[in-house]
Amino acid sequence: MADPAAGAYVCFEGWVRNHNEGKAVTSLEYEAYEMLAQKEGNKILGEAREKFDILEAACIHRTGHLQIGEIAVWVGVTAKHREAAFEACRYVIDEVKARVPIWKKEHYNDGNSGWVRCEQCSGHHH
Amino acid sequence: MADPAAGAYVCFEGWVRNHNEGKAVTSLEYEAYEMLAQKEGNKILGEAREKFDILEAACIHRTGHLQIGEIAVWVGVTAKHREAAFEACRYVIDEVKARVPIWKKEHYNDGNSGWVRCEQCSGHHH
Amino acid sequence: MPTVRLQYFAILKDKRGIASETLETEASNPLELYEHLQSLHGFPLSAKNLRVAINGDFSRMDHPLRENDEVVYIPPVAGG
Amino acid sequence: MPTVRLQYFAILKDKRGIASETLETEASNPLELYEHLQSLHGFPLSAKNLRVAINGDFSRMDHPLRENDEVVYIPPVAGG
């Protein structure tokens, strides 16, 4: 994303953390509907370029089984000035989390697991 | 800054860009009152840790002669959740720019140079 | 009766036990089809908590199903 | 008359032509000292655009100067 006109680079990384909503998490499993996830991700990046005075925006989301401390998602934005870079980076990660068809299953230290944001579902299962 | 409890990492990098206020910039020269810059920088990081629910905050500012595209300043923040990480990162860079005794001289492509934020000064000089 | 191809993800894949299937359906739209599948497989999500994609694009739940449509139900997403 | 050590940065260093000096002064505080130096060296910044540090901490412009104080005038900063 190097650009001689860029004065600001803001990045967000989502790291697999060892807890969620009071539960000890041992690892995460991400699954994506890849084709639509790519399409929706690109749409979000295009929106960011339109809404904010930025030079470039990019995002990578991993899938599969990830351990504590691993990077699950990265967003990077360059801009002439920092305000737009911060706002656009925040916009991209918020929209990615809300709209892109990616799901995560948490594995807990008691051996159980559960799909996140699936509270309506029939509870956790082995 | 690795921490198993961290779910979010936000960073800001200030890059030397090739223009400022309509002028073509060829390089920058940073000068710091180092001892006070360190002290004031640490104070800002402490404030960030108090104000926001973060795990760690750090900042590095380079000095000397930097070329276009080089990193001049880096801020990194980890937190359980991204909101606090974004807010704290923004806070740190804003305060660093406003309070830390570091100055920059821009070198322009016409051979002139000038200290930034020194508009009251007697104009630019060879 | 159109023949459609279904792909399952996340909780729906776990419950169905397979990642995809092709079936002939009397349902005229994704909502009707989901309600039928839910009664067969005990999917724990109600249709109002789902989105649907047809042929790789988000679509309405009452969009008519056509022969060879690729249908994917999207449980609440949780990337990041 | 205290003897103080001055360090110059940025535009002030450029104008003064040296990075530091030690001098005896009749000025009772940093403001008076700056006004004296400004008249000698033609510093282009007025005192109201400066901050001052004494012995490595930000200080008031009317803080009394003491023997061996380290005085640094801080032009508008521009990090980042």
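This section reports on the structure supplied with the text. For clarity, every value in this text was computed on a predicted model and none was experimentally measured. (Residues numbered from 1 in each chain as written. Chains lettered and ligands numbered in written order. Predicted model: local features only at pLDDT ≥ 70, side-chain atom pairs only at ≥ 80, totals over all residues. Heavy atoms only, no water.)

**Brief notes about the interface of chain A and chain B**
How large an interface is tends to be reported as the accessible area lost when its parts come together. Counting residues at the interface gives 31 residues for chain A and 31 residues for chain B. Across the interface of chain A and chain B, roughly 2600 Å² is buried in total on both sides, 62% from carbon and sulfur atoms. The interface formed by chain A and chain B includes two salt bridges. Notably, a salt bridge pairs D94 of chain B with R82 of chain A, separated by 2.8 Å at the nearest N-O pair. (Contact = heavy atoms within 4.5 Å. Buried area = accessible area lost by both parts, 1.4 Å probe. Salt bridge = Lys/Arg side-chain N within 4 Å of Asp/Glu carboxyl O.)

**What to know about the sheet that holds strand 5 (residues 70–74) of chain D**
Strand order across the open sheet formed by five strands is 2-1-5-3-4 (chain D), with mixed pairing between neighbours. Either end of the sheet is taken by a strand with one partner, and the two such strands are strand 2 (20–24) and strand 4 (57–59) of chain D. Each strand axis lies, on average, 35° off the axis of its neighbour in the sheet, ignoring direction. Across four bridges, strand 3 (residues 51–54) of chain D lies against strand 5 of chain D in antiparallel orientation. Within the sheet, the bridge partner assigned to V52 of chain D lies in strand 5 of chain D and is Y73 of chain D. On top of the sheet, helix 1 (residues 34–51) of chain B reaches strand 3, strand 4 and strand 5 of chain D; it is set at about 90° to strand 4 of chain D, its chief contact. (Pairing = 2+ DSSP bridges. Helix = DSSP H or I, 4+ residues; strand = E, 2+ residues; numbered from the N terminus. Axes fitted to C-alpha atoms, helices over the stretch in contact; angles between N-to-C directions.)

**Some points on helix 1 of chain B**
With 18 residues, helix 1 of chain B ought to run about 26 Å at 1.5 Å a step, and its terminal C-alpha atoms sit 26 Å apart, in line with that. For helix 1 of chain B, the full list of buried residues reads L36, A37, E40, G41, I44, L45, E47 and A48 of chain B. At its buried positions, helix 1 of chain B is contacted by strand 4 (54–61), helix 2 (82–99) and strand 7 (102–108) of chain B together with strand 3, strand 4 and strand 5 of chain D. (Expected span 1.5 Å × (residues − 1). Buried < 20%, exposed > 50% of the residue type's maximum accessible area, 1.4 Å probe, protein only.)

**A look at the relation of the copies chain A and chain B**
Placing chain A over chain B gives an RMSD of 0.0 Å and needs a rotation angle of 180°, together with 0.0 Å of translation along the axis. Within this description, the copies of the chain are treated as partners about a two-fold rotation axis. In terms of C-alpha distance to the rotation axis, chain A has C11 of chain A as its closest residue, with the C-alpha 2.6 Å off the axis. Comparing interface residues between copies, 100% of those in chain A also lie at the interface in chain B; the contact surface is shared. (Least-squares fit on C-alpha atoms with pLDDT ≥ 70 in both.)

**Looking at the packing of aromatic side chains**
Under the defined criterion, the tally for this structure stands at 16 aromatic pairs over all chains. Ring geometry for Y34 of chain C against F43 of chain C: centres 5.8 Å apart, planes inclined by 20°, an arrangement best described as stacked. In this structure, Y34 of chain C and F43 of chain C share a single accessibility class: buried. Each member of the aromatic cluster is reached from another via a ring pair, and the members are Y8, Y34, F43 and Y73 of chain C. One cation-aromatic arrangement involves K23 of chain B over Y108 of chain B; the distance from NZ or CZ to the ring centre is 4.7 Å. We note R51 of chain D situated over the ring of F58 of chain D; from NZ or CZ to the ring centre the distance is 3.8 Å. (Phe/Tyr/Trp six-rings, centres within 6.5 Å; stacked < 30°, edge-to-face > 60°. Lys NZ or Arg CZ within 6 Å of the ring centre and 35° of its normal.)

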